[in-house]
Amino acid sequence: MPPVSADDVRTDPKVKPSQGSPAAPAPSPVSPPAGAKPSPEEEASQEGSVATQPEPAVRKAAHAAPPLAPREPSARALRYREHRIPRRHRVFVNRNLRLTTIRAIGFDLDHTLAHYDPVPVEELGFDLTKQKLVDMKGYPREILALKYDPQWVIRGLVVDKKRGNVLKMDYFNFVSRAYHGLTALRSDERRRAYRSDRIRLGHENYVSVDTLFHLPEVYLYVSLIDFFEREGTKKTVDHEALYRDVREMIDEAHRDGSLKSVITGNLDRYIRLDPEVRTVMEEFRRAGKKLFLLTNSEWSYTDALLRHILQRGKGAPEHWTDLFNVVIVEAAKPQFFLTGDAPAPVEELKGRKLSAVVGRGGSAAYLQRSLGSGGEHVLYFGDHTYGDILQSKRVANWRTAMIVPELDREITVTAEHAKEFERLSRLSAERHQLEIDKAAIGRELRRLTLILSEADGSDHERRSEIATRIQDIPEQIAGLEHRGSELEHEIAQLRLKIDRAYNPRWGSLFREGNESSRFGHQLKDFACVYTSRVSNFLHYPWNYYFQSPVGYMPHDI
């Protein structure tokens, strides 16, 4: 059965759940695989995991004896069903999460509830910033001819403002790839710049590319470096000043409303609608959860986007704030998690009554008091590694769900190249075995040489056999080394093919070689769960127990 659509929902979001057990949502759309039969214990657990609406004849009897609280489904009862969910709609788990322990659920706005169409929005930011550099900073008008390349920058990169470089790092902060402007650095250039000293990413020279809004900023920066250095002027390019100018002008485009006014003037062009996002929020409310919005955007922009996203179709609320208990705009995250201030009133709402508590600014402490929940009883959805996920987890001890829109493409590319991954695994295993065989033959050579040197000369036939064997070993080793060279070439070509399928310059967002990328490592460290969109939670029961996979050590594999 397909997921419930927004048009099928008839629940009034303003009606508060009754006391006792919250009403359960419709059963999970995930069916068990054909022929799979759970154990009696699992069947018993499943009976309590999803409640269905009683038939009219049964409803009278329900008044006589209140229903028992639904029991949590066992992990075994649900795990065999999850594989029926397409991977791009799954929720991936780093840390165990019981939805039954969550009392309040919060959402960021940009790239969380509001999904932007990336190319038009990024091109808009790129073009507006170029124009402001010309108009307000006196940059040459020739830069207006620069075109945006949406594939050039990915999240998780690091900008070295001092040298004008963009870096990709692995889990250990080893710089594996780097570009100066639009030109790739050679391996010896990378080593000279980044192997002698440990990179301290907290230093002012470095900027992390943490959000999707950073992408056009970084591409404009490297394009300008390339433009000025290609011009061949005698004046040395000040990379730090150039970055400050780009940063200042893109901030100005946000601050003066020029970027947001274009977006709100044509929401159909810039916003990708998810028809199920309101449905999943209503399901959370039916399950007895309190909902809150926590965004750095101002009220007018938030209101325009969420009216467009949440007030559509049948069953839509009179106003989108009816879906929330608390709404905080201009939150100034991550500082929001470090203060104790109460929010200020929103001037635009003066004299207007809304069902939700709405404020501007404030603090996590105030928000938790308003919700009557805090710490591990709060689940927060966001897309910003530092501002949304790290700080809410580290300071407020909230549970975190990171929204990673890029997951859809990464999963698709991985599936399309499944055969290449299998072949790469076979070739790598063969290379590993070849190295073991070479080591064994080397030990045999040393052993035979020792025997021959210590022989007393009495058994000439035996000495001749050993000598012949010793003469054959170099040829065997040469054969293994030749096959090893062939394997290295095949593996390198296959890795390159797979790598470029993700991104022609940077490869996978989540991996770097055999290690996690810096972004992938942050995702594992900071987010309890992650997925590509909030509505993916519709594929799971409201009382689902998200369990992390077994964490193997290298010696376990």
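Residues numbered from 1 in each chain as written. Predicted model: local features only at pLDDT ≥ 70, side-chain atom pairs only at ≥ 80, totals over all residues. Heavy atoms only, no water.

Of note, glutamate 217 is situated in helix 6 (residues 214-230). Engagement of the side chain of glutamate 217 in a polar contact is seen with the side chain of arginine 247, the distance being 2.6 Å. Here glutamate 217 is in contact with Tyr243, Val246, Arg247 and Ile250, once residues within four sequence places are set aside. (Helix = DSSP H or I, 4+ residues; strand = E, 2+ residues; numbered from the N terminus. Polar contact = N/O pair within 3.5 Å; in protein donor to acceptor, adjacent residues only side chain to side chain. Contact = heavy atoms within 4.5 Å.)

Below, the discussion takes up a nonpolar patch on the surface. Where nonpolar side chains cluster on the molecular surface, the patch consists of Tyr171, Phe172 and Phe174 and spans about 310 Å² of accessible area. Tracing the chain through its elements places phenylalanine 174 in the loop between strand 6 (165-169) and strand 7 (175-180). On the accessibility criterion, phenylalanine 174 (34% relative accessible area) is partly exposed. (Patch = residues over 30% accessible without salt bridge, like charges linked within 9 Å, V, L, I, M, F, W, Y side chains within 5 Å. Areas by Shrake-Rupley, 256 points an atom, 1.4 Å probe, with all protein chains shown as cover. Salt bridge = Lys/Arg side-chain N within 4 Å of Asp/Glu carboxyl O. Buried < 20%, exposed > 50% of the residue type's maximum accessible area, 1.4 Å probe, protein only.)

We now examine helix 14 (residues 407-416). For helix 14, the complete set of buried residues consists of Leu407, Asp408, Glu410, Ile411 and Val413. Looking at the buried side of helix 14, the elements it contacts are strand 1 (92-93), helix 16 (460-502) and strand 18 (529-531).

Counted under the stated rule, the structure contains 35 salt bridges. Residues lysine 137 and aspartate 245 are paired through a salt bridge, measuring 3.9 Å at the closest nitrogen-oxygen approach. One end of the pair, lysine 137, is in helix 4 (residues 118-137); the other, aspartate 245, is in helix 7 (residues 239-255), with 108 residues separating them in the sequence. Taking relative accessible area as the criterion, aspartate 245 reaches 16% and is therefore assigned buried. For the salt bridge of aspartate 188 with arginine 192, the shortest nitrogen-to-oxygen distance reads 3.4 Å. Of this pair, aspartate 188 and arginine 192 both sit in helix 5 (residues 187-194), separated by 4 residues, roughly a single helical turn. Aspartate 188 gets classed as partly exposed once you look at its relative accessible area, which sits at 23%. Within this structure, Arg423, Glu430, Arg483, Glu486 and Glu490 form a network of salt bridges that share partners.

Turning our attention to the pairing of strand 6. Side-chain direction in a regular strand flips from residue to residue, so the side chains alternate between the two faces of the sheet. Across the 5 residues of strand 6, 5 count as buried, placing the element largely inside the fold. As judged from the 3 bridges shared by strand 5 (residues 158-160) and strand 6, these two strands associate in the antiparallel manner. Looking across to strand 6, one finds that valine 158 is bridged to leucine 167. Linking two consecutive strands that pair antiparallel, namely strand 5 and strand 6, is a turn of 4 residues; a positive phi of about 75 degrees is found at glycine 164 within it. Between the antiparallel neighbours strand 6 and strand 7 lie 5 residues, among them asparagine 173 with a positive phi of about 65 degrees. (Pairing = 2+ DSSP bridges.)

Bringing helix 7 into the picture now. When the terminal C-alpha atoms of helix 7 are compared, their 24 Å separation across 17 residues agrees well with the 24 Å that a helix rising 1.5 Å per residue should span. Buried residues in helix 7 make contact with helix 4, strand 5, strand 7, strand 9 (206-208), helix 6 and helix 8 (258-265). Measuring from the backbone nitrogen of glutamate 240 back to the side-chain oxygen at the start of helix 7 gives 3.2 Å, which picks out aspartate 238 as the cap. Glycine 257 sits one or two residues past helix 7 and shows a positive phi near 85 degrees. (Expected span 1.5 Å × (residues − 1).)

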